[in-house]
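Chain by chain, the residues run as shown.
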Amino acid sequence: MRILFIADVVGKGGRRAVTTLVPALRQQGIDMVIANGENLARGLGITPKLAREIQRAGVDVITTGNHLFRRAEIVELLHADGSILRPHNFHTRAPGKGWTVHSASQGVRVGVFNLVGQLYMDPAGDPVTAAEEILSGPLSDIEVRILDFHAEATGEKRGLAHWLDGRVTAIVGTHTHVQTADEHVTARGMAYITDAGLTGAPSSVIGMRADAILETIRTGLPSRFSPEVNGIELQGVTIDVDPSTGRATSIARVRTPIEDEPPPT
């Protein structure tokens, strides 16, 4: 089976890439789609309306990260829709849950779980302990297991990869919005990439228009950031999996531009 993991979807442009490209990709042999959606709403947070928009386009599971609760209205949907995840190592009283099991094509059950890092991030629990809780608990009988590790530090991502090697099908790093070139499959059958990139404008400043970012850099004063809407592409990875063993057989980076560009603003 082939799984498409879509990197952090940033604002209107990123959503447009998903709604434009995913329906056709699903018809070309994609069995399941996972997308990080914590930046759907103007680059910060996620709302029920925008979550439904990318779900209708063919996204099966939405993962998130440290910006999840920037939009309070998402809380109710986290209780109602188990396919929208929050990092499992958030505070135990945070709404929602950090894992789900999705029935993909041909009845293959795929476990997806979501963690955040601790280094250079908001306070969160130990990701190693959180991973152990999920793998020995709700996903213990699932062969195909995909982790979105939303973290800043490359060393923390690689460290967790060593800990989980041979026990999960894939670890896909998110959060930095810069796609790395270290995708590989280990000898134990785990696919890995430090960061899947962003679905938005790669020529921007991690998805945002450069002018406001540069003003903040130049003056030290806060500016209102807004997502770049030109030069949009869908980034992420495809992962080929043997569903009988849960082992990944390949991982490949995805960078697909969309053709229907809006006029410059």
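Here is a short report on the structure shown in this document.

So, how was this worked out
Residues numbered from 1 in each chain as written. Predicted model: local features only at pLDDT ≥ 70, side-chain atom pairs only at ≥ 80, totals over all residues. Heavy atoms only, no water. Helix = DSSP H or I, 4+ residues; strand = E, 2+ residues; numbered from the N terminus. Expected span 1.5 Å × (residues − 1). Bend = angle between axes of the 7 residues up to and from the residue. Pairing = 2+ DSSP bridges. Contact = heavy atoms within 4.5 Å. Axes fitted to C-alpha atoms, helices over the stretch in contact; angles between N-to-C directions. Core = buried A, V, L, I, M, F, W, Y, C linked by side-chain atoms within 4.5 Å. Buried < 20%, exposed > 50% of the residue type's maximum accessible area, 1.4 Å probe, protein only.

## Some remarks on helix 1 (residues 11-26)
- Compared with the 22 Å implied by 1.5 Å per residue over 16 residues, the 22 Å span of helix 1 between its first and last C-alpha is a close match.
- At T20, helix 1 shows its largest kink, close to 25°, and the proline P23 lies no more than four residues downstream.

## Quick notes on the sheet that holds strand 9 (residues 184-185)
- Here we have 6 strands laid out as an open sheet, ordered 5-6-7-8-10-9, and mixed in their pairing. Single-partner strands in this sheet number two, and they are strand 5 (99-103) and strand 9.
- Pairing analysis gives 5 bridges linking strand 5 to strand 6 (residues 109-116), with the strands arranged antiparallel. Bridge pairing in strand 6 links S103 to R109.
- Those strands touched by helix 4 (residues 127-136) are strand 5, strand 6 and strand 7 (144-150), and its axis lies near 160° from that of strand 6.

## Focus: the nonpolar core
- I6, V18, V33, I46, V59, I62 and L234 are the most contacted members of the largest nonpolar core, which totals 32 residues.
- Mapped onto this core, the elements with two or more residues apiece are strand 1 (2-6), helix 1, strand 3 (32-36), helix 2 (48-56) and helix 3 (74-80).
- Ranked by the residues each element gives to this core, the list is headed by helix 1, at 4 residues.
- Excluding residues that lie within four positions of it along the chain, I46 makes contacts with G37, E38, L40, A41, A51, I62, L68, R71 and I74.
- In terms of nonpolar packing, the next biggest core, distinct from the first, is built from 24 residues, L85, A104, V172 and V241 among them.

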